[in-house]
Amino acid sequence: MSNVTQAATRQLDGPLLELTDVRTHFRTPRGVVRAVDGVSFSLDRGKALGIVGESGSGKTILSRSIMGLLPTGGTERSGSIKFAGREVGNLGRKEMRAIWGKEMAMIFQDPMTSLNPLMKIGQQIAEPLRIHLGMSRQDAMATARRLLQDVRIPEADRRLEQYPHELSGGMRQRVMIAIAMACGPTALFADEPTTALDVTVQAQILDLLGEQRRERNMSIVLVTHDLGVVAGHTDEIAVMYGGKLVEKAPTRRLFAAMKMPYTEALLASIPKMADPSHTRLNVIPGRPPDLVHPPKGCRFAPRCPYAAEKCIAEEPPLVVTPDDPLHSFACWYPVGSPEYIESRARIDAKKAEAA
Ligand SMILES: Nc1ncnc2c1ncn2[C@@H]1O[C@H](COP(=O)(O)OP(=O)(O)O)[C@@H](O)[C@H]1O
Ligand SMILES: [Mg+2]
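Residues numbered from 1 in each chain as written. Chains lettered and ligands numbered in written order. Predicted model: local features only at pLDDT ≥ 70, side-chain atom pairs only at ≥ 80, totals over all residues.

K.L.:
Report on the overall build of the chain, specifying residues and quantitative values.
P.N.:
Along its length, the chain carries 14 helices and twelve strands. Relative to the compact-globule value of 20 Å for 355 residues, the chain shows a C-alpha radius of gyration of 22 Å, a close match. Along the longest, intermediate and shortest principal axes, the C-alpha atoms of the chain span 70 × 45 × 45 Å. Buried residues in the chain amount to 41% of all 355 residues. Sequence separation of at least 24 residues holds for 64% of the intrachain contacts in the chain that already meet a minimum separation of 6. (Helix = DSSP H or I, 4+ residues; strand = E, 2+ residues; numbered from the N terminus. Rg over C-alpha atoms; globule rule 2.2 N^0.38 Å. Buried ≥ 20, exposed ≤ 12 C-beta atoms within 10 Å, placed from the backbone. Contact = placed C-beta atoms within 7 Å.)

K.L.:
Just give me the short version of the site of ligand 1, but keep the residues and values in it.
P.N.:
The immediate surroundings of ligand 1 are formed by 14 residues, with F26, A35, K59, T60 and I61 found nearest. If you list the elements that add at least two residues to the shell around ligand 1, you get β1 (17-28), β2 (31-43) and α2 (59-67). Residue contributions to the shell around ligand 1 peak at three residues, all from α2. Considering only residue class, the shell around ligand 1 consists of six nonpolar, seven polar and one charged. (Near = placed C-beta within 6 Å. Nonpolar A, V, L, I, M, F, W, Y, C, P; charged D, E, K, R; others polar.)

K.L.:
Now, about the sheet that holds β1: what can you tell me, with residues and values included?
P.N.:
Adjacent strands of a sheet pair through backbone hydrogen bonds, lying either parallel or antiparallel. Spatial strand order, β2-β1-β4-β5: four strands in an open sheet with antiparallel pairing. A single partner strand is all that each edge strand has here, and the edge strands are β2 and β5 (86-87). Most of the contacts of α2 go to β2, to which it runs at about 70°, and overall it touches β1, β2 and β4 (75-83). (Pairing = 2+ DSSP bridges. Axes fitted to C-alpha atoms, helices over the stretch in contact; angles between N-to-C directions.)

K.L.:
Can you tell me about unusual backbone geometry, naming the residues and giving the values?
P.N.:
Backbone geometry places D21, a non-glycine residue, at a positive phi of 50°. With respect to the helices and strands, D21 occurs in strand β1. For D21, a count of 11 C-beta atoms within 10 Å puts it in the exposed group. Even without a glycine there, the phi angle at A84 is positive, about 50°. With respect to the helices and strands, the residue A84 is situated in the loop between β4 and β5. On the neighbour-count criterion, A84 (19 C-beta atoms within 10 Å) is partly exposed.

K.L.:
Which residues make up the packing of helix α5 (residues 121-133) against helix α8 (residues 169-181), and what values do they have?
P.N.:
When two helices pack together, their arrangement is given by the angle between the helix axes and the distance between those axes. Running from N to C, α5 and α8 point in directions that differ by 25°, and their axes come no closer than 8 Å. Accordingly, the angle class assigned to the pair α5 and α8 is roughly parallel. Relative to α8, the crossing made by α5 is right-handed. Together, I121, Q124, I125 and P128 of α5 and V175, A178 and I179 of α8 make up the contact between the two elements. Class assignment for the residues of the contact of α5 with α8 results in six nonpolar, one polar and no charged. (Parallel < 35°, antiparallel > 145°, perpendicular 65-115°, else oblique. Left-handed = near helix turned anticlockwise from the far one by under 90°.)

K.L.:
So, the sheet that holds strand β8 (residues 219-224): which residues are in play, and what are the values?
P.N.:
With mixed pairing, eight strands are arranged side by side in an open sheet as β6-β7-β8-β3-β9-β10-β12-β11. The sheet is open, and its two edges are formed by β6 (104-107) and β11 (319-321), each paired on a single side. Direction aside, the axes of adjacent strands within the sheet are offset by 25° on average. Bridge count between strand β7 (residues 187-191) and β8: five bridges; the pairing is parallel. Paired with D191 across the strands is V223, a residue of β8.

K.L.:
How would you summarise the nonpolar core if you had to cite specific residues and measurements?
P.N.:
Of all hydrophobic cores here, the largest spans 89 residues; its most connected members are A178, A180, V239 and V246. For this core, the element with the most residues is α8, which contributes eight residues. Dropping the residues within four chain positions of it, V239 is found in contact with V52, G53, V246, E247, M260, Y262, T263 and L266. (Core = buried A, V, L, I, M, F, W, Y, C linked by C-beta atoms within 7 Å.)

K.L.:
Go over the packing of α8 against helix α9 (residues 199-216) with me, naming the residues and quoting the values.
P.N.:
Direction vectors running N to C along α8 and α9 enclose 15°, while the axes themselves pass 10 Å from each other. With respect to α9, the axis of α8 lies roughly parallel. By crossing handedness, the relation of α8 to α9 is classed as right-handed. Where α8 approaches α9, its residues G170, Q173, R174, I177 and M181 are matched on the opposing element by V201, Q204, I205, L208, L209 and Q212. Considered class by class, the residues forming the contact of α8 with α9 number six nonpolar, four polar and one charged.

Here is the structure:
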């Protein structure tokens with residue numbers, strides 16, 4: 001596999017991706033929108049990171065900041081973004097173009113808006129191969145055919161000649177993955193890649209991404225509002241709220257011992273598979289914070305059932321749990337703390353009284 005060797009020769013020591021205090025703010029007539037507000041984390045090669053949070057928490061803007069795909073007017077970006085040891089946060093479009101596809105690739109929620117409706121599937125996969133890897137037309141087409149097979153699209157020869165509208169949603173997303181894989185990227189950013197798909201196809205696409213990751217030793221950043229989506233498909237999970245990282249842990253650890261009441265609320269809002277309508281039984285009450293005037297203390301405090309005075313007054317820093325250096329969270333009274341247990345007992349007693 002040429003792609004595997006390619007990835008291997010690029011191996012360097014240290015994390016593949018390292019973010020330090022990344023901020024992306026937008027100047028708007030209403031004021032400065034603090035879409036990403038001081039995010040730090042690192043991601044190792046070949047690992048899958050899930051970025052989870054409600055709609056509007058800054059997930060897309062964070063991944064676009066890393067990819068260098070932000071709108072230009074009115075955008076203020078600061079902090080450091082290192083990719084394979086190199087600072088990429090301040091590169092211009094021209095320099096980023098050399099990185100896109102080969103180093104970092106991205107797939108979006110709706111393949112219909114990213115695929116060219118007037119271009120045959122084969123051409124769309126072949127194009128980046130010709131541009132980035134300088135392949136001949138023939139070689140690019142042969143590679144496109146192989147990529148379609150890699151993403152388990154049957155009858156590759158026929159598909160190469162088809163247009164996007166002739167394919168189902170799941171097949172179109174497979175094509176997007178094939179395009180993203182084309183130049184053998186070191187990291188893939190997948191932004192809500194399965195949100196538009198039904199549950200069965202969702203699982204197939206996530207399995208496919210995992211397969212490609214292992215085969216190519218590629219890192220994946222999987223962005224989603226649904227904690228259920230990342231549960232079985234990531235090594236680590238980062239939870240975002242109001243432009244900030246509020247909890248990060250290895251996936252298994254997060255589910256076994258989550259610290260943030262927000263993460264707990266997200267978990268409670270996972271659509272139940274058993275429920276035929278997949279409705280969210282527990283929507284988190286209240287609204288996400290205004291990112292122009294965010295709350296002074298913990299940004300989740302106004303919606304947190306366990307919030308105390310300190311939570312409203314003072315912002316909790318992201319700290320490491322004493323028993324696991326890979327688990328960090330930002331909460332004054334985390335799940336399991338005496339204060340949490342006490343307010344939880346109070347809430348439960350009230351509920352029992354009301355019932
Ligand atoms: N170009 C922009 N100008 C102003 N605000 C923006 C812009 N793009 C995104 N935002 C705001 O930034 C916040 C984070 O957006 P986004 O990253 O898309 O959230 P998510 O992907 O988590 O749903 C939202 O409040 C959104 O309205
Ligand atoms: Mg988004």
